[in-house]
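Take a look at the letters that make up each chain.
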Amino acid sequence: MRRVVVTGVGITCPVGIGTDECWRNLCDGRGGIGPITLFDPTEFACKIAGEVNGFEPLDFVDKRDVRKMGRFIFFALASSEFAMKASGFQVTPENAERLGVYIGSGIGGFDVIEREHSKLIEGGPRKVSPFFIPATIVNLASGHVSIRWGAKGPNSATATACTTGAHAVGDSFRIIARGDADAMLCGGAEAAITPMSIAGFGNMKALSRRNDEPEKACRPWDVDRDGFIVGEGAGILMLEELEHAKRRGAPIVAEIVGYGMSGDAFHITSPCEDGDGAFRVMRNALADAGVEPKDVGYINAHGTSTPLGDRIESLAIRRLFGEHADKVAVSSTKSMTGHLLGGAGGLEAGITALALRDQIAPPTINLDSPDEGCDLDYVPHHSRQLDTEYALTNSFGFGGTNGALLFKRYRED
């Protein structure tokens, strides 16, 4: 199988627009959670979210095309631009068919669905935009990105809830490894800070209600955590076959060496009580790479700040890593970004690759008092220097769908 490397990371998220700004703020422990401004949250139990403040679609999209796209597509286009520029990849007639796009979304154009439904109810069917369908469906993020760059290779999308981005990256890794493409723009995008979304998650009792302290609301593994925070944005990676990247002198961020998948087969929203699904997906990623647990030094955890999920992920890590679990730095960058849902796996894959490149573990902020059963090294409050060859990132989604990606520090052969 062919080796695959990351040559570009593109991030648009609540802590910044652009990879360098985002990475710097994450390492500095700066959170991006605040009051909801995208709609009036007065009547909602949860009034806070991780918005991408200051984002201007016209910086990335032609004015005539703005009405044709949902917000999640804007984020995908912006992040693909950051990833392409970072990688230095130039699309030509000779390589266009070897560049693919695989970008997923858990929900797609929820904002457009709500807006156009209101038009239908208030004004009848003639008021619904003819662009309604292509502005909302999940694969149009991939579609627009492929059109923007002229990428004529594999073009696909996935929608596996909060595991979406990880599955898109993992599937792209395998597409390149087996020779169906030389490069893939891949990851996830989401824009679900909308009234129906916040109401739905809120009525599930899934969201934090720490409205008076938004900057402290997302607190994975802390005894006072009370739910997750919805975030928005996109994380897009440029993956390339190693020799292809080396021939063009591409900057190599990290190598991707393992991809694991598993299903809980347990419950539509709750993880297995013994953490078996999380245990198996991490085990599968390591087995795919032929790497032992003792070789992993950092985990970017799913870590959503939910009472059940945080504890069960910790249990699964301890089960797989045994005594070595105490030597692994485990952090949740969702404490700063909120949960990007279908965009989370792409964002956190990019963060994990950057952590290996710079040998820095970004922190888990707001972790003051770890809860019972949450007994790992969660890198509280401040980032930390690493010295590791391998880093893992986890994603778990509704329906019991799990994904894990293993990255390796890249060194010249």
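Remember, predicted model here, so these are calculated numbers, not experimental data.

Draft legend 1. Structural detail: the overall build of the chain. What the chain contains, in helices and strands, is twelve helices and 15 strands. Since a compact globule built from 413 residues should have a radius of gyration of about 22 Å, the 20 Å found for the chain is in line with a globular shape. For the chain, the C-alpha atoms occupy an extent of roughly 65 × 55 × 40 Å along the three principal directions. Across the chain, the fraction of contacts at a sequence separation of at least 24, relative to all contacts at a separation of at least 6, is 79%. Summed over all atoms, the accessible surface of the chain reaches about 15,900 Å², with 50% contributed by carbon and sulfur.

Draft legend 2. Just the side chain of S172, in detail. Here S172 shows up in helix α6 (residues 164-177). What makes S172 buried here is its relative accessible area of 0%. Polar side-chain contacts of S172 include one of 2.8 Å to the backbone oxygen of A168.

Draft legend 3. Looking closely at the packing of aromatic side chains. Scanning the model with the defined rule gives seven aromatic pairs in all. Seen in terms of ring centroids, F55 and F60 are 5.5 Å apart; in terms of plane orientation they differ by 10°. Their pairing is stacked. Looking at F60, the relative accessible area reads 11%, which means it is buried. Aromatic side chains F201 and F228 sit 5.4 Å apart centroid to centroid with 75° between the ring planes, which places their arrangement in the edge-to-face category. Here the residue F201 occupies a position in helix α7 (residues 195-203), and F228 occupies one in the loop between α7 and β8 (233-241), the gap between them amounting to 27 residues. Owing to a relative accessible area of 6%, F228 belongs among the buried residues under this scheme.

Draft legend 4. Summary view of the nonpolar core. Ranked by size, the top nonpolar core spans 47 residues in total, and within it L239 and F407 carry the most contacts. A total of eight residues in this core trace back to one element, the largest contributor, which is helix α12 (residues 344-358). Apart from the residues lying within four places of it in its own chain, the contact partners of L239 are V4, V5, V6, V169, S172, F173, I176, D182, A183, M184 and C186. With 30 residues, the next largest nonpolar core counts F74, M84, V101 and L185 among its residues.

Draft legend 5. The arrangement of the packing of α6 against α12 in detail. One way to put it is that α6 packs onto α12 with a least axis distance of 5 Å and a crossing angle of 60°. Comparing the axis directions of α6 and α12 gives the class oblique. Where α6 abuts α12, its residues G165, A166 and V169 lie against G345, G346 and A349.

Draft legend 6. Helix α3 (residues 110-123), seen in detail. A rise of 1.5 Å per residue sets the reference length of α3, with its 14 residues, at 20 Å; its end C-alpha atoms lie 20 Å apart and thus fit the reference within 8%. All buried positions along α3 are accounted for by F110, V112, E114 and E116. Lining the buried residues of α3 we find α4 (132-136) and α7. The positive-phi residue at the C-terminal boundary of α3 is G124, with phi of around 95°.

Draft legend 7. The pattern of salt bridges, seen in detail. Under the counting rule described, the total for this entry stands at 31 salt bridges. Between E81 and K85 there is a salt bridge, with the nearest N and O atoms lying 3.2 Å from each other. Remark: K85 and E81 occur in helix α2 (residues 71-87); sequence separation between them is four residues, near one turn of the helix. Exposure remark for K85: the relative accessible area of 61% places this residue in the exposed category. In this structure, R411 engages E389 in a salt bridge whose closest nitrogen and oxygen atoms are separated by 2.5 Å.

Draft legend 8. Molecular detail of helix α9 (residues 276-289). With 14 residues, α9 extends 20 Å from end C-alpha to end C-alpha; this agrees with the ideal 20 Å at 1.5 Å per step. If you check which residues of α9 are buried, you get G277, A278, F279, R280, V281, M282, A285 and L286. Each element contacted by the buried residues of α9 is listed here: β9 (254-263), β10 (296-300), α10 (307-321), β14 (390-397) and β15 (401-408).

Draft legend 9. Focus on the environment of E51. Of note, E51 is situated in the loop between β4 (48-49) and α2. E51 has contacts with P14, G32, P35, I36, T37, L38, I193 and E232, leaving out every residue within four places of it along the chain. Polar contacts involving the side chain of E51 include one to the side chain of T37, which spans 2.5 Å. Within the structure, E51 has its side chain in polar contact with the backbone nitrogen of L38 (distance 3.1 Å).

Draft legend 10. Spotlight on the layout of surface pockets. Space inside the largest pocket adds up to approximately 750 Å³. Forming the boundary of the largest pocket are 40 residues, of which F228, T269, P271, T306 and F398 lie nearest the centre. Mapped by element, the contributors of at least two residues to the lining of the largest pocket are α9, α10, β14 and β15. If one sorts the elements of the lining of the largest pocket by residue count, α10 sits on top with five residues. For the lining of the largest pocket, a count of residues per class yields 17 nonpolar, 18 polar and five charged.

Draft legend 11. Examining the environment of A289 more closely. If you trace the backbone, A289 turns up in helix α9. Not counting the four nearest positions on each side in its chain, A289 is found in contact with V257, G258 and L406.

Draft legend 12. Here's a closer look at unusual backbone geometry. In this structure, S305 is a non-glycine residue whose phi angle is positive, near 85°. For S305, a relative accessible area of 0% corresponds to the buried category. Located in the positive-phi region is Q359, a residue other than glycine, with phi close to 55°. With respect to the helices and strands, the residue Q359 is situated in the loop between α12 and β12 (360-361).

Quick notes on the rules
- Residues numbered from 1 in each chain as written.
- Predicted model: local features only at pLDDT ≥ 70, side-chain atom pairs only at ≥ 80, totals over all residues.
- Heavy atoms only, no water.
- Helix = DSSP H or I, 4+ residues; strand = E, 2+ residues; numbered from the N terminus.
- Rg over C-alpha atoms; globule rule 2.2 N^0.38 Å.
- Contact = heavy atoms within 4.5 Å.
- Areas by Shrake-Rupley, 256 points an atom, 1.4 Å probe, with all protein chains shown as cover.
- Buried < 20%, exposed > 50% of the residue type's maximum accessible area, 1.4 Å probe, protein only.
- Polar contact = N/O pair within 3.5 Å; in protein donor to acceptor, adjacent residues only side chain to side chain.
- Phe/Tyr/Trp six-rings, centres within 6.5 Å; stacked < 30°, edge-to-face > 60°.
- Core = buried A, V, L, I, M, F, W, Y, C linked by side-chain atoms within 4.5 Å.
- Axes fitted to C-alpha atoms, helices over the stretch in contact; angles between N-to-C directions.
- Parallel < 35°, antiparallel > 145°, perpendicular 65-115°, else oblique.
- Expected span 1.5 Å × (residues − 1).
- Salt bridge = Lys/Arg side-chain N within 4 Å of Asp/Glu carboxyl O.
- 1 Å grid on protein atoms, 1.4 Å probe; cavity = no way out; pocket = protein on both sides within 12 Å on 5 of 7 lines; lining within 4 Å.
- Points joined across faces, edges and corners; volume = space filled by probe spheres on them.
- Nonpolar A, V, L, I, M, F, W, Y, C, P; charged D, E, K, R; others polar.

That's the geometry; what it means functionally is another story.
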